[in-house]
Amino acid sequence: MQKDFLGLYRTVFTNDETPKSVGRDECVELIEAAMEVGSPSMDYGNLETGVINLENVKYLRRSILRFMYLYPEVFNEDDSIKACGREKCKSLIYYAYSIRPNGLFGDLDTGWMNPENIIALYKELKKC
């Protein structure tokens, strides 16, 4: 079962992205959730100590939020592609790769997307 990364982020960080005074368990859960939703090879922190890699966890959150914001500008509700222009497609691809660097989301230079993989990532992220 996928952990609620954004919910755990709100548990550990304030609205202005400063860490709250929480316990080790909450920090470990956030690190685990980041590893699930983001790249497993990225350093999100130490699971034994609960020390969070602040920059990487914050970057993942910003990338997810930006991806989720851009998705409906590129795709319709039925997951068909809108006539939105290459620049929005390039941005969506960029943020998809920011979340999953080893994914196959499209070409950043041309804006040609792999819609199936982008749609799958969007549906997965909606759950977190």
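Presented here is an overview of the structure given in this document. Quantities reported herein were computed from a predicted structural model and do not represent experimental measurements. (Residues numbered from 1 in each chain as written. Predicted model: local features only at pLDDT ≥ 70, side-chain atom pairs only at ≥ 80, totals over all residues. Heavy atoms only, no water.)

## Observations concerning helix H5 (residues 115–126)
Residues separated by three or four positions in an α-helix point in the same direction, a consequence of the helix having 3.6 residues per turn. Basically, it comes down to this: Here a helix means four or more residues in a row that DSSP labels H or I, a strand means two or more in a row labelled E, and each is numbered from the N terminus. Expected helix span is given by 1.5 Å per residue-to-residue step, counting one fewer step than there are residues. Burial status follows relative accessibility: with a 1.4 Å probe on protein chains alone, a residue under 20% of its type maximum counts as buried, one over 50% as exposed, and anything between as partly exposed. The arc in question is formed by the directions pointing from the helix axis toward the C-beta atoms. The contact rule is simple, with two residues in contact once any of their heavy atoms fall within 4.5 Å.
Its 12 residues place the ends of H5 16 Å apart at the C-alpha level, agreeing with the 16 Å of an ideal helix rising 1.5 Å per residue. Listed as buried for H5 are Ile118, Ile119, Leu121, Tyr122 and Leu125. Down the axis, H5 shows its buried residues gathered within 160° of arc, on one side only. Considering only its buried residues, H5 is in contact with helix H2 (24–37), helix H3 (54–74) and helix H4 (86–99).

## Some details on the pattern of salt bridges
Formally: Basic side-chain nitrogens of Lys or Arg form a salt bridge, by our definition, when they fall within 4 Å of a carboxyl oxygen of Asp or Glu.
On inspection of all chains with the given rule, the structure shows 7 salt bridges. Close ionic contact of Lys123 with Asp79 constitutes a salt bridge, the shortest N to O distance being 3.3 Å. Linking Lys123 in helix H5 with Asp79 in the loop between H3 and H4, this pair joins segments that are 44 residues apart in sequence. Under the relative-accessibility criterion, Lys123 is labelled partly exposed at 44%. Of the charged contacts, one joins Glu87 and Lys90 as a salt bridge, the two residues approaching to 3.5 Å between their closest N and O atoms. Linking Glu87 with Lys90, this pair stays in helix H4, spanning 3 residues, or about one helical turn.

## Some details on H3
Taking 1.5 Å of rise per residue, 21 residues should cover 30 Å, and H3 covers 30 Å from first to last C-alpha, within 8% of that figure. Packing partners of the buried residues in H3 comprise helix H1 (5–12), H2, H4 and H5.

## Examining the packing of aromatic side chains
The description of two aromatic rings rests on the distance between their centres and on the angle between their planes. Going by this rule: The criterion for an aromatic pair is that two Phe, Tyr or Trp rings (for Trp, the six-membered ring) have centres within 6.5 Å, with stacked assigned to planes under 30 degrees apart, edge-to-face to planes over 60 apart and tilted to the rest. Should the NZ of a Lys or the CZ of an Arg lie within 6 Å of a ring centre and within 35 degrees of the ring normal, that charge is described as sitting over the ring.
A complete count under the given rule lists 7 aromatic pairs for this structure. With 6.3 Å between their ring centres and 45° between their planes, Phe67 and Tyr71 make a pair best called tilted. With Phe67 and Tyr71 both in helix H3 and 4 residues apart, this pair spans about one turn of that helix. Here Phe67 falls in the buried class, since its relative accessible area comes to 0%. When the centroid spacing of 5.0 Å and the interplanar angle of 85° are considered together, the rings of Tyr94 and Tyr95 count as edge-to-face. Using a relative accessible area of 22% as the deciding quantity, one classes Tyr95 as partly exposed. A connected cluster of aromatic rings, assembled from ring pairs, spans Phe67, Tyr71, Phe75 and Tyr122. Sitting over the ring of Trp112, Arg86 keeps its end group 4.4 Å from the ring centre.

## Structural notes on the nonpolar core
Note that soluble globular proteins tend to have their nonpolar side chains buried in a common cluster. For clarity, the threshold we go by: The term nonpolar core refers to a set of buried residues drawn from Ala, Val, Leu, Ile, Met, Phe, Trp, Tyr and Cys, joined through side-chain atoms within 4.5 Å.
Membership of the largest hydrophobic core comes to 34 residues, with the highest contact counts inside it found for Phe5, Leu30, Phe67, Leu92 and Ile118. Secondary structure elements with two or more residues in this core: H1, H2, H3, H4 and H5. Ranked by residue count, the leading element in this core is H3, at 7 residues.

## Some points on the side chain of Glu17
Here Glu17 lies in the loop between H1 and H2. Apart from the residues lying within four places of it in its own chain, the contact partners of Glu17 are Tyr9, Lys58, Arg61 and Arg62.

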